[in-house]
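Chain by chain, the residues:
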There are 2 protein chains.
Amino acid sequence: MYVAIMGYGVVGSGVAELFMKNHESIVSKSTQSKLELKYILDIRDFKGDPYEDKIVNDVNIIINDPEVGIVVETMGGLHPAYEFVSSCLEAGKSVVSSNKELVAVKGRELLALAEKKNVNFLFEASVGGGIPIIRPISQCLAANEIEEVAGILNGTTNFILTKMISDGMSFEAALKLAQENGYAERNPAADVEGTDACRKICILASLCFGKHVYPDSVHTEGITAITLADVEYARSWGGVIKLIACTKRIDENHIYAMVSPAFVSKHCQLAGVDDVFNAILVRGDAIGDVVFYGRGAGKLPTASAVVADIIDCAKHSARKKVFGWGDAVPDYVVSHLENETALYVRAFSEASDKLLGRCAAVFGKIETLAREGAPDDEIAFVTPRGKEGELREKLASIAGLEPASVIRVTDY
Amino acid sequence: MYVAIMGYGVVGSGVAELFMKNHESIVSKSTQSKLELKYILDIRDFKGDPYEDKIVNDVNIIINDPEVGIVVETMGGLHPAYEFVSSCLEAGKSVVSSNKELVAVKGRELLALAEKKNVNFLFEASVGGGIPIIRPISQCLAANEIEEVAGILNGTTNFILTKMISDGMSFEAALKLAQENGYAERNPAADVEGTDACRKICILASLCFGKHVYPDSVHTEGITAITLADVEYARSWGGVIKLIACTKRIDENHIYAMVSPAFVSKHCQLAGVDDVFNAILVRGDAIGDVVFYGRGAGKLPTASAVVADIIDCAKHSARKKVFGWGDAVPDYVVSHLENETALYVRAFSEASDKLLGRCAAVFGKIETLAREGAPDDEIAFVTPRGKEGELREKLASIAGLEPASVIRVTDY
């Protein structure tokens, strides 16, 4: 059986490298007598590359070669990845993708096409990089009804927040350092605005709860508004600020899904996940909480997940794996304002004691927070838990309160 | 297809409960039109139990019923579990086991028998309870050469150590509390002496490195000698004491494997694993470090892993899964004295300054540790890293040094 790779960037070249490095053991685990890399598709040439002879510039060479049974898509972006992957599936080839945008936006459609053609469409690398998560959820936790998933799914923002928390760096300085280290793009919007984490939680929500969830249905906030003052108040509360992507089952036909910064207690396993590492907490009705931790990005970690999928496709070449989810349904993702949470609030007021008194009166009870070096007119507190919409209405009703920060507080 | 459960204790009854609770979704994932529980084998009767009508007392009823395709073994112990499982496999039935002793001692033999009979022998629940670990290692990390595995694999000892670390309880008091909470048996030897963790690391070593590892080939120390003084010194060093089961690849034909208390840096993900929780760190050549965390024991978490294996057996009823390892080979597990480590040493001496000076001279350099309330004649230090045998020879050569504690120091 032959394999082709579409897209010879960081991940694609990592796949080729790892596939060759551990080739003997990979072939043996694939149960195929032969599993060879035949083509690498890229619009560029790669003079002097060890796999120069495998480079092709026309996708039709791959699509029309009946010897190619498995195609890896590591191009990223929606187009032309979507068209190429569709054509490969149509041609009866299994496809392995690391492309979270493709899976989040076109996953249901491509899974249906794969099913029709009796081939596999696998994408372990699209969430959590090398961390095993798609397969553990779909197989190892198959006896559970999944209740909730919460994850640190974006390494760039986690690196920035770690630098703010541990080294007291400002957001801007930490972002610059992330860019210098190659962890953040020159245009960091997809990371710092939460878009990347949103795509990943869409994939997990689709997988866990059985219906496709599109990114535009998920309330998404990034970390650009987080200040060092907020970081300090989170510490005094007993935790850290993390960019949390989460999804929760309400009933057969409704879920929550959201991406936003959140206070996480230091006793939660997610709180200790630092730097570019990712972690995903899955709560099942039998297993309770399990956490999967590791490198969520990077050349070889991501390739590790892609190559595991290649092996799985090869093992299942004679039959389709049972895997996937159903069509999206309207009003499936309920507004985050219905979700139960607590809110951390920071504000300024010249009559801060009186303002805190009014806040306490409105909420019944608040947990006031302090930090060293706070300006005299700064107040900060955490509300009791309640429906987010109701909490926000109460906040809006408090005369003189104009919050500088409002951040959700988890109960993990 | 029909399922039978052998052993209706805590885990067995959890399997029946979970199998019924999520039955519809379990059947759907199994790809079988029907998947029903037919028998529960136990020597006891269960008057009034919801599954009283399924209880049988003779294993031959199960072995001789051609409708039973999958048998669950949750009896524990080596005999008669071994004989019953062998007979079921011989009769062409797939077997799912949660029995770590059985897998650690008879795993290779039973896997070979399953292969011969073209059925499956799966045991996800035998390590880490409900935590997905066997399947992630064998499938999700299949593209990696696994280099090392280190885990907190025994919840009882982790609970005891957590109480010593967080609440300053003595070993004896913490053990008593564990017994009162039902976390420790009246005879706690298998837990506190490390036997249970040893069986589990044997299974992981066999799976990761391809050759069967027997418990009697693995150097095993428990936690009975750990004192609160050691706990305090670990804290001042910057970490905690955990019972670590580990295995490391040396080359094609040699590995290390060991169970012992160890200093773990607070920056390692394993350090934050408290109470009865388990966690397993796996280091692969592509993925780097991944950590799997969750409940390592308990009725429903363990049942979660067993039922996932039932589903997998049902999905693979037509063909054997590719899974297992080879025969044991002589001298495969190298002495722990060859392993590289650092050692924490605590001792008493009336001339403690002079003794520390001699220690420093012998090791070139030592890291001395202090704790509040230490007796005047107590010393404690950490050696540089080196082969354990050589470090111990150096310790033995130091005049006047009679260590009260020697504990390994990890570099995770």
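Student: How do you make sense of the overall build of chain A when you look at a structure like this?
Tutor: Broken down by element type, chain A carries 14 helices and 17 strands. For 412 residues, the compact-globule estimate of 2.2 N^0.38 gives 22 Å, and the C-alpha radius of gyration of chain A, at 23 Å, lies within 12% of that figure. Taking the principal axes of its C-alpha atoms as reference, chain A extends roughly 75 × 45 × 35 Å. Residues counted as buried form 52% of the 412 residues belonging to chain A. When contacts within chain A are restricted to residue pairs at least 6 apart in sequence, those whose partners lie at least 24 apart make up 75%.

Student: Mind showing me how you'd approach the relation of the copies chain A and chain B here?
Tutor: Once chain A has been moved 0.0 Å along the axis and rotated by 180°, it coincides with chain B to within an RMSD of 0.0 Å. Such a combination of rotation and displacement between the chain copies is what one expects of a two-fold axis. Among all C-alpha atoms of chain A, that of Phe 292 of chain A lies closest to the rotation axis, at 2.5 Å. Comparing interface residues between copies, 100% of those in chain A also lie at the interface in chain B; the contact surface is shared.

Student: I keep staring at the nonpolar core and nothing clicks. Help me out?
Tutor: For soluble globular proteins, nonpolar side chains are generally found buried alongside one another. Residues Ile 201 and Val 307 of chain A together with Ile 201 and Val 307 of chain B are the most contacted members of the largest nonpolar core, which totals 280 residues. Other than its neighbours up to four places away in sequence, Val 307 of chain A contacts Val 15, Leu 18, Phe 19 and Ile 26 of chain A together with Ala 143 of chain B.

Student: When you look at unusual backbone geometry in this model, what are you seeing that I'm missing?
Tutor: Residues apart from glycine generally show negative phi values, whereas peptide bonds are mostly found in trans. Look at the link from His 79 of chain A to Pro 80 of chain A: it is a cis peptide, with omega at 5°. Looking at the secondary structure, you find Pro 80 of chain A in the loop between strand 4 (68-73) and helix 4 (81-90). The backbone phi angle of Asp 331 of chain B is positive, close to 55°, even though this residue is not glycine. When you line up the elements, Asp 331 of chain B lands in the loop between helix 12 (299-315) and strand 13 (340-348).

Student: What exactly am I supposed to notice about the interface of chain A and chain B here?
Tutor: Often, the extent of an interface is quoted as the loss of accessible area upon association of its parts. Contact with chain A, which involves 42 residues of that partner, is made by 42 residues of chain B. In terms of residue count, the dominant contributor to the side of chain A that touches chain B is helix 12 (residues 299-315) of chain A (9 residues). Of the residues in the side of chain A that touches chain B, the class split is 22 nonpolar, 12 polar and 8 charged. For strand 12 (residues 288-295) of chain A and strand 12 (residues 288-295) of chain B, the ladder comprises 3 bridges, and the chain directions are antiparallel.

Student: Can you help me understand the confidence of the model for chain A in this one?
Tutor: One rule of thumb: low pLDDT means the predicted coordinates there are not for detailed reading. A residue-level look at chain A finds 100% of positions with pLDDT of 70 or above and a mean pLDDT of 96. The ipTM assigned to the predicted complex is 0.95, against a pTM of 0.96.

Student: Whenever I open this one, the domain arrangement of chain A confuses me. Can you help?
Tutor: Residue and element names in this part refer to chain A. By domain assignment, chain A separates into domain 1 (2-129 + 300-315), domain 2 (134-293) and domain 3 (339-409). Domain 2 puts 13 residues into the contact, and the matching count from domain 3 is 12 residues. Element by element, the count of residues in the side of domain 2 that touches domain 3 is highest for helix 11 (residues 228-237), at 6 residues. Of the residues that constitute the side of domain 2 that touches domain 3, the class distribution is 8 nonpolar, 3 polar and 2 charged.

Student: How should the sheet that holds strand 4 of chain A be read in this particular structure?
Tutor: By way of backbone hydrogen bonds, the strands of a sheet pair with one another, either parallel or antiparallel. Residues and elements named next belong to chain A. The parallel open sheet is built from 6 strands, whose spatial order is 3-2-1-4-5-6. Lying at the two open borders of the sheet, with one neighbouring strand each, are strand 3 (55-56) and strand 6 (121-122). Pairing analysis gives 5 bridges linking strand 1 (residues 2-6) to strand 4, with the strands arranged parallel. Residue pairing in the sheet places Tyr 2 in a bridge with Val 68 of strand 4. The strands that helix 1 (residues 10-21) touches are strand 1, strand 2 (36-41) and strand 4; relative to strand 2, the one it contacts most, it runs at about 165°.

Student: I would appreciate a short explanation of the sheet that holds strand 3 (residues 55-56) of chain B in the present structure.
Tutor: Taken in spatial order, the 6 strands make up an open sheet running 3-2-1-4-5-6 (chain B), and their pairing is parallel. Looking along the sheet, the strands with just one partner apiece sit at the ends: strand 3 and strand 6 (121-122) of chain B.

Student: Could you clarify how one ought to interpret the packing of helix 2 (residues 23-30) of chain B against helix 12 of chain B in this entry?
Tutor: The angle between the axes and the distance between the axes are what describe a pair of packed helices. All names here are of chain B. Running from N to C, helix 2 and helix 12 point in directions that differ by 35°, and their axes come no closer than 8 Å. For the pair formed by helix 2 and helix 12, the contact residues are Ile 26, Lys 29 and Ser 30 on the first element and Val 307, Ile 311, Ala 314 and Lys 315 on the second. Classifying every residue of the contact of helix 2 with helix 12 by side-chain character gives 4 nonpolar, 1 polar and 2 charged.

Student: I keep staring at the environment of Ile 226 of chain B and nothing clicks. Help me out?
Tutor: All names here are of chain B. Note on placement: Ile 226 falls in the loop between strand 8 (219-220) and helix 11 (228-237). Judged by the 23 C-beta atoms lying within 10 Å of it, Ile 226 is buried. Considering only alpha carbons, one finds Ile 226 and Ile 63, 163 residues apart in sequence, at a separation of 47 Å.

Student: Got a minute to help me understand the pairing of strand 13 (residues 340-348) of chain A in this structure?
Tutor: Within a regular beta strand, the side chains point alternately toward one face of the sheet and then the other, so they alternate between its two faces. All names here are of chain A. Burial within strand 13 is extensive, with 7 of its 9 residues counted as buried. Pairing of strand 13 with strand 16 (residues 386-387) involves 2 bridges; the strand directions are antiparallel. Paired with Glu 340 across the bridge in strand 16 is Lys 387. Bridging between strand 13 and strand 17 (residues 403-409) involves 6 bridges; their strand directions are antiparallel. Along strand 17, the bridge assignment pairs Ala 342 with Val 409. Pairing geometry for strand 13 and strand 15 (residues 378-382), over 5 bridges, is antiparallel. Looking at the pairing, Tyr 344 lines up with Val 382 of strand 15.

Student: Would you mind going over helix 4 (residues 81-90) of chain B with me for this structure?
Tutor: Owing to its 3.6 residues per turn, the α-helix aligns residues three or four sequence positions apart on the same side. Residues and elements named next belong to chain B. Listing the buried residues of helix 4 in full gives Ala 81, Phe 84, Val 85, Cys 88 and Leu 89. Taken end-on, helix 4 shows its buried residues confined to a sector of 130°, consistent with a single buried face. In the segment just after helix 4, Gly 92 is the residue with positive phi, at about 85°.

Student: Sorry, what's going on with the packing of helix 1 of chain A against helix 12 of chain A here?
Tutor: All names here are of chain A. As a packed pair, helix 1 and helix 12 sit with axes 8 Å apart at the nearest point and diverge in direction by 65°. Regarding the angle of helix 1 to helix 12, the classification is roughly perpendicular. At the point where helix 1 passes helix 12, the crossing takes the right-handed sense. Contacts between helix 1 and helix 12 involve Val 10, Val 11, Gly 14, Val 15, Glu 17, Leu 18 and Phe 19 on the former and, on the latter, Lys 299, Leu 300, Thr 302, Ala 303, Ser 304, Val 306 and Val 307. Class assignment for the residues of the contact of helix 1 with helix 12 results in 9 nonpolar, 3 polar and 2 charged.

Student: What is the right way to look at the pairing of strand 12 of chain B in this model?
Tutor: Residues and elements named next belong to chain B. Within strand 12, 6 of the 8 residues are buried, leaving the element largely enclosed by the surrounding structure. The pairing of strand 11 (residues 277-284) with strand 12 spans 8 bridges and is antiparallel. When the bridges of strand 12 are listed, Ile 280 appears paired with Phe 292. Counting the residues in the hairpin turn of strand 11 and strand 12 gives 3 residues.

Student: Whenever I open this one, the environment of Gln 139 of chain B confuses me. Can you help?
Tutor: Relative to the helices and strands, Gln 139 of chain B is located in helix 6 (residues 134-140). Taking the C-alpha atoms as reference points, Gln 139 of chain B and Phe 323 of chain B, 184 residues apart in sequence, are found 9.1 Å from one another. Other than its neighbours up to four places away in sequence, Gln 139 of chain B contacts Arg 135, Ala 308 and Asp 312 of chain A.

Student: Help me understand the environment of Phe 19 of chain B, please; the structure alone is not making it clear to me.
Tutor: Residue and element names in this part refer to chain B. As for its placement among the helices and strands, Phe 19 is situated in helix 1 (residues 10-21). The spacing of Phe 19 and Phe 84 is 65 residues in sequence and 22 Å in space, taken between C-alpha atoms. When near neighbours in sequence (up to four residues on either side) are disregarded, Phe 19 contacts Ile 26, Leu 37 and Val 307.

Rules of the game
Residues numbered from 1 in each chain as written. Chains lettered and ligands numbered in written order. Predicted model: local features only at pLDDT ≥ 70, side-chain atom pairs only at ≥ 80, totals over all residues. Helix = DSSP H or I, 4+ residues; strand = E, 2+ residues; numbered from the N terminus. Rg over C-alpha atoms; globule rule 2.2 N^0.38 Å. Buried ≥ 20, exposed ≤ 12 C-beta atoms within 10 Å, placed from the backbone. Contact = placed C-beta atoms within 7 Å. Least-squares fit on C-alpha atoms with pLDDT ≥ 70 in both. Core = buried A, V, L, I, M, F, W, Y, C linked by C-beta atoms within 7 Å. Nonpolar A, V, L, I, M, F, W, Y, C, P; charged D, E, K, R; others polar. Pairing = 2+ DSSP bridges. pLDDT = per-residue confidence, 0-100. Domains from an automatic or database assignment. Axes fitted to C-alpha atoms, helices over the stretch in contact; angles between N-to-C directions. Arc of directions from axis to C-beta. Parallel < 35°, antiparallel > 145°, perpendicular 65-115°, else oblique. Left-handed = near helix turned anticlockwise from the far one by under 90°.

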